[in-house]
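Listed below, chain by chain, are the residues.
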Amino acid sequence: MPSISKKGMQMPESPIRKLVPFAEAAKRKGVKVYHLNIGQPDIHTPEIALQAIRNFDHQVIEYSHSAGNESYRRKLADYYAVRGIGIEYTDLMITTGGSEAITFALNSICDLGDEVIVPEPFYANYNGFAISAGVKVVPVFSSIETGFALPDIEEFESWITPRTRAIIICNPGNPTGYLYSREELHKLRDLCLKHDLFLIADEVYREFAYDGAKPMSILNLEGMDEHAIVIDSVSKRYSMCGVRIGALISRNKKLMATALKFAQARLSPPTLGQVAAEAALDTPQSYFDQVIAEYTERRNILVDGLNSIEGVYCPKPKGAFYCVARLPVRNAEDFARWLLAEFSHEGYTVMVAPANGFYATPHKGENEVRLAYVLKAEDLRHSVEILRKALSIYPGRV
């Protein structure tokens, strides 16, 4: 038969979804599965966005501009202005989710064989985006012992080669929930300016910061107008993962003109998604206040509960709605599979994401899992007790 591409063979399997068949089998046996493995919020989508879709009365669902509807881009620029981020609507390109924005960015700045440096653990799909663009991901290890703080800047610098084109961060972070400090971002800025690199920041979790913390956008770093690229999305902010609307943002005019070529090749971002996303910008602050309060409670229930289990260590994140926990097991992927295939407690079990899939360095994170606190408080408490029971009897415990 005709051969599959090397690129296709290199594409990694999702660590979030690879255990889905085991979860489906558990459900067929009547086991209730708590999904802590995937960042699908259960928070209601703002009514104003849902109503906009219901009220859509065009007789034809047309293409939008390849860069997105101008009305949405102008309104989105106003959203950033309110948050102290000054950009023009022409600095914005609407994309099919944040995923497409990352793909456009990599293809616009990298040639085949170029490199991007990424602190690990990182959002697993960065690997897939890089492979599809012919780009090599160079990981820099961040440790659970430090709560996944930015590695020493000297370590970043040691990995820079003539093929290095960018540093990529996620802030607040997926999978760790880590929130970079101003000092850390300034160090990255100085390094990028010194070596003439792009700094790509995935800021899709901007609204989710806790304990009074305030995320800083790289668009507010002085001297970075030609170097800063921001990835954004409505998926988590408004609990609208399915509308598939993101944004690529940069003041670098040449970069945006190049990205537009890729956008034209795919014609346009989703029209109905843009209708919902534009309407969602009028969501009242009270919505976010309630969401932050809810996620803060959920974070505390899950993280404090995990740390109460013998042998478990989980740093408390300051952003997003994920955490990474180290478990007293030899292999977290085997444990995750066992939870679904062989274990249940009073008819319940838990699905987690093995964290090794969020590392690029072999054998890192083999005893860690990523958990998303996107379930209601009662279910999270129950999930912790299920994990406590499971770890007490798991044959692969260390």
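In the block above lies the structure referred to throughout.
Structure report, in brief. (Residues numbered from 1 in each chain as written. Predicted model: local features only at pLDDT ≥ 70, side-chain atom pairs only at ≥ 80, totals over all residues. Heavy atoms only, no water.)

Another point: the overall build of the chain. From N to C terminus, the chain includes 13 helices and twelve strands. Taken over C-alpha atoms, the radius of gyration comes to 21 Å for the chain, in line with the 21 Å a tight globule of 398 residues would show. Along the longest, intermediate and shortest principal axes, the C-alpha atoms of the chain span 60 × 55 × 55 Å. In the chain, which comprises 398 residues, the proportion classed as buried is 57%. When contacts within the chain are restricted to residue pairs at least 6 apart in sequence, those whose partners lie at least 24 apart make up 75%. Summed over all atoms, the accessible surface of the chain reaches about 17,200 Å², with 51% contributed by carbon and sulfur. (Helix = DSSP H or I, 4+ residues; strand = E, 2+ residues; numbered from the N terminus. Rg over C-alpha atoms; globule rule 2.2 N^0.38 Å. Buried < 20%, exposed > 50% of the residue type's maximum accessible area, 1.4 Å probe, protein only. Contact = heavy atoms within 4.5 Å. Areas by Shrake-Rupley, 256 points an atom, 1.4 Å probe, with all protein chains shown as cover.)

A word on the packing of helix α12 (residues 332-341) against helix α13 (residues 377-393). Where α12 contacts α13, the two axes come as close as 12 Å, and the packing angle between them is 110°. It follows that α12 is roughly perpendicular to α13 by the angle criterion. Facing Phe-335, Trp-338 and Leu-339 of α12, the residues of α13 in contact are Leu-387, Ala-390, Leu-391 and Ile-393. Here the residues of the contact of α12 with α13 sort into seven nonpolar, no polar and no charged. (Axes fitted to C-alpha atoms, helices over the stretch in contact; angles between N-to-C directions. Parallel < 35°, antiparallel > 145°, perpendicular 65-115°, else oblique. Nonpolar A, V, L, I, M, F, W, Y, C, P; charged D, E, K, R; others polar.)

Looking now at the packing of aromatic side chains. One pass over the structure, following the stated rule, counts 21 aromatic pairs. The structure contains a cluster of three or more aromatic residues connected by ring pairs, namely Tyr-205, Phe-208, Tyr-295, Phe-321, Tyr-322 and Tyr-373. The ring of Phe-141 has Lys-364 lying over it, and the distance from NZ or CZ to the ring centre is 4.1 Å. (Phe/Tyr/Trp six-rings, centres within 6.5 Å; stacked < 30°, edge-to-face > 60°. Lys NZ or Arg CZ within 6 Å of the ring centre and 35° of its normal.)

Our next topic: the pairing of strand β12 (residues 368-372). Of all five residues in β12, five are buried; the element is thus mostly enclosed. The side-chain alternation of β12 yields two buried faces, one formed by Glu-368, Arg-370 and Ala-372 and the other by Val-369 and Leu-371. Judged from the five bridges that link them, strand β9 (residues 322-326) and β12 form a sheet pairing that is antiparallel. For Cys-323, the partnering residue across the bridge sits in β12 and is Leu-371. The sheet contact formed by strand β11 (residues 353-354) and β12 spans two bridges and is antiparallel. Its bridge partner lying in β12, Ala-353 is registered against Arg-370. (Pairing = 2+ DSSP bridges.)

Another point: the environment of Met-11. Assignment of secondary structure puts Met-11 in the loop between α1 (6-10) and α2 (20-28). Separated by 188 residues in the primary sequence, Met-11 and Leu-199 have C-alpha atoms spaced 24 Å apart. Setting aside residues no more than four positions away along its own chain, Met-11 makes contact with Gly-128, Ile-131 and Ser-132.

A few words now on helix α10 (residues 271-280). Of all ten residues in α10, eight are buried; the element is thus mostly enclosed. Of the residues making up α10, those classed as buried are Thr-271, Gly-273, Gln-274, Ala-276, Ala-277, Glu-278, Ala-279 and Ala-280. The inward-facing, buried residues of α10 abut α3 (47-54), α4 (70-82) and β2 (92-95).

So, on to the sheet that holds β9. Ordered by their spatial adjacency, three strands build an open sheet running β9-β12-β11, and the pairing between neighbours is antiparallel. Each having just a single partner strand, β9 and β11 make up the two edges of the open sheet. Sheet contacts for helix α11 (residues 285-307): β9 and β12; angle to β9, the most-contacted strand, approximately 5°.

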